[in-house]
Amino acid sequence: AQYFNEVSRTFNEYLLIPGLTTKECTPNNVSLKAPLVKYRKGETPSLELNVPFVSAIMQSVSDHNLAIELARNGGLSFIFGSQPIDSQVDMVRRVKKFKSGFVVSDSNLTPEHTLADIIALKRKTGHSTVGITDDGTSNGVLMGVVTGRDYRISRDSLDKPVKDFMTPFTNLVVGKLGITLNEANDIIWDNKLNSLPIIDENRKLQYFVFRKDYDDHKENPNELSDINKKLMVGAGINTRDFKERVPALIEAGADVLCIDSSDGFSEWQGETLQYIKKTYGEDVKVGAGNVVDKEGFRYLVEAGADFVKVGIGGGSICITRETKGIGRGQATALIEVAEARDEYFRETGIYIPISSDGGIVHDYHMVLALAMGADFLMMGRYFARFDESPTRKLKVGNNYVKEYWGEGSNRARNWQRYDMGGSENLKFEEGVDSYVPYAGKLKDNLDITLGKIKSTMCSCGVLSVKELQENGKVTLVSSTSIVEGGAHDVILKDQS
Ligand code: MZP
C-alpha cells in the first residue's frame, strides 16, 4: 500500500492566531462573498454566494422551505435527490416561484381581522408579507401590508385588529411592472410610503418594493426586476438516472446541480460529468464529490466539475469510517485538496471552488475551514436544527429536538449515494437516524453565526474569505491546550 505519513486531523485540533486588526477591520466591513462555480482568472464567477454556506443534499435538511429561507439570507440549498424526479422538480419550482412580499390573492382578510388571523395565513403560505384589501379579495382596494417585522413586534397583541399594525397606503398608490428603481423611489418618497405595491397590466398585485430595497440598491439604479429577482437553488443528482433527472431539474429552473455521493472518485461520476458537459456545455453548472485527496480532485475537475466537495466520513450522522474503513480527517483532506485547487489555478488560470462538507460542530470550525482553503461550507446538522428544516420537532425529556437522519441510513435508503454498481438497494447502513437540539429560526441563528465569523475574521485582521485564505495563521493544538481553552480550575455556578 501507499502510506500517507501525515496524521489525518480534524478541525478540533487547530486554532487561529490573531493578525493585526486595523481600524477599518470591523465586522460591518467584512465580506463573506464566495464563488460557487469555476471561473477564469480575471473574470467573475457566474454564480456567487453572499454567505459561504450551502445546506446538505439530505432528506432531513434541504426541502423547498429551508431552500427559500437560506437563499433569502445569502446562502443556497441543494434540494435532496433521494426522491422521485417529479417531487424534486416540484420543490425546485416552489423556490423559483417564491417572491418576498408576494401577496395572497383572495385571502378573505380585511383590516378588521385580527393579527392572529394574519399570522396563521403567513404561516400557512410562507409569505413574508401579506397585502390587506378592504373586502379581502384580490379585486378589493389595497389598504396596506403586514410584514414579518410587524408580527414580531406584536406577539402579545394577537387579538387586536390588523389595521393597528399594517403599513397603510393612505391614497392608493401603485407602481406598474417595469418601472425603474428611480421611478419607484420617487413614488415612495413623494407619497411618504414605506412600501410600494407593484401591479401587472391586469391590475394584479405582483409584489412590493420596500424602502429598504431601494436603500440597498440606490448605488445601482437598474430595473426593479434586479430587487425581486428569483431566489437561487441547487439540486442533488445521482449517477444512475441523470439522463432523466438533469433535464427535468434544468427545466424547473435549478441554478446548479451537484452529484451526491459519499465517494466521488469514480468512473460513474466521471461519466455523469462528461455527459452533462457534452450535452449542455457550460450552460449547466454541476459540482461533484466527495473526495479527500489531490488525485480525486484532479479526476473530477478534468471530467468537467464546476466545484468539488471534500469530505468522507466526517458528517455527524456518518458511520462510513466505522463500516468501511474509508475516510480522512476533514482538516487534512481539506488542506490537501485546497493545495490541489491552487496548483490547478496556477497551471491553467481556472479557479475551481471547493466545499468543505460535513463535520462542522462549532462556529469557529467554519472560520478554520475557510482559512484552510474552503470556498464554501456544506452543512447538514447545523441546518437540521431550525424551524425551516423538513423534519418533526419533538420533545424528548425536557428538551425540544428535531429529527436528523443520514442519507445512508435505513430510513433514507439513498442507495444511489453509496452505489458501487450492481444491485439497486442499500446493502448496509453508512448513516444513523438521530435527533439534534432544536434551535429556532434559521435567520436568528445565522445572524449570530455570521456575527461570530466576522468578529473572528477581524481578530485575524482580514476583511474577506480570500484574505483569510491567504493571510490567516493556523496552529495545531495539543490535547492539553484544548482543556486549557475551556473554563477550567473553577467551580461553575450554574451547571444547568
Ligand atoms: P454534518 O454537517 O451533519 O456534519 O454532515 C453533513 C454531511 O454528511 C452531508 O452533506 C453528507 O456529505 C454527509 N452524509 C449525509 N448522509 C450521510 C450518511 O448517512 C453522510 N452517512 O455521511
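Residues numbered from 1 in each chain as written. Predicted model: local features only at pLDDT ≥ 70, side-chain atom pairs only at ≥ 80, totals over all residues.

As assigned here, the chain comprises domain 1 (33-97 + 231-385 + 404-430) and domain 2 (115-224). Domain 1 and domain 2 are separated by 37 Å when their C-alpha centres are compared. (Domains from an automatic or database assignment.)

Another aspect to go through is the confidence of the model for the chain. For the chain, the average pLDDT comes to 90, and 93% of its residues sit at 70 or higher. Taken together, the chains of this predicted complex give a pTM of 0.86 and an interface ipTM of 1.00. (pLDDT = per-residue confidence, 0-100.)

A few words on the sheet that holds strand β7 (residues 129-133). Taken in spatial order, the three strands of this open sheet run β7-β8-β9, and their pairing is antiparallel. Every interior strand has two partners, whereas the edge strands, β7 and β9 (167-168), have only one. Relative to β9, strand β8 (residues 142-147) runs antiparallel, the two being bridged by two bridges. The residue bridging Gly144 from the neighbouring strand is Pro168, located in β9. (Pairing = 2+ DSSP bridges. Helix = DSSP H or I, 4+ residues; strand = E, 2+ residues; numbered from the N terminus.)

Bringing the site of the ligand into the picture now. As a matter of local geometry, the ligand sits amid 23 residues, with Gly315, Cys318, Gly380, Gly406 and Gly431 nearest to it. For the shell around the ligand, the class distribution of residues is eight nonpolar, eleven polar and four charged. (Near = placed C-beta within 6 Å. Nonpolar A, V, L, I, M, F, W, Y, C, P; charged D, E, K, R; others polar.)

Here the focus is the UniProt feature "binding site: NAD(+)" (unreviewed entry) in the chain. Annotation from UniProt places "binding site: NAD(+)" (unreviewed entry) at Asp260, Ser261, Ser262, Gly311, Ile312 and Gly313. The named residues occupy 54 residues along the chain; their greatest pairwise C-alpha distance, 14.1 Å, places them in one compact cluster. Mapped onto the elements of the fold, Ser262 is located in the loop between β14 (256-259) and α8 (267-280). A tally of 25 C-beta atoms within 10 Å means that Ser262 is categorised as buried. The residues contacting Ser262, other than those within four sequence positions of it, are Asn290, Ile312, Thr320, Gly408, Arg417, Tyr418 and Glu430. Examined against the element boundaries, Ile312 turns out to sit in the loop between β16 (307-310) and α10 (320-324). For Ile312, the contacting residues outside a window of four places in its chain are Ser262, Asp263, Asn290, Val292, Thr320, Ile326, Gly327 and Arg328. (UniProt positions renumbered as here; feature names shortened; annotations may be inferred. Buried ≥ 20, exposed ≤ 12 C-beta atoms within 10 Å, placed from the backbone. Contact = placed C-beta atoms within 7 Å.)

Here we come to the sheet that holds strand β19 (residues 376-379). Here eight strands make up a closed barrel; going around it, the order is β5-β6-β13-β14-β15-β16-β18-β19 and the pairing parallel. Put simply, the sheet's adjacent strands are angled 30° from each other on average, direction ignored. Pairing of strand β18 (residues 354-357) with β19, which is carried by three bridges, proceeds in the parallel orientation. Directly across from Ser356, in β19, lies its bridge partner Leu377. (Axes fitted to C-alpha atoms, helices over the stretch in contact; angles between N-to-C directions.)

This part takes up the packing of helix α9 (residues 294-303) against helix α11 (residues 330-348). Where α9 contacts α11, the axes come no closer than 8 Å and their chain directions differ by 45°. Taken together, the axis directions place α9 and α11 in an arrangement best described as oblique. Relative to α11, the crossing made by α9 is right-handed. Contacts between α9 and α11 involve Lys294, Phe297, Arg298 and Val301 from the former and Glu336, Val337, Ala340, Arg341 and Tyr344 from the latter. Per-class residue counts for the contact of α9 with α11 are five nonpolar, no polar and four charged. (Parallel < 35°, antiparallel > 145°, perpendicular 65-115°, else oblique. Left-handed = near helix turned anticlockwise from the far one by under 90°.)

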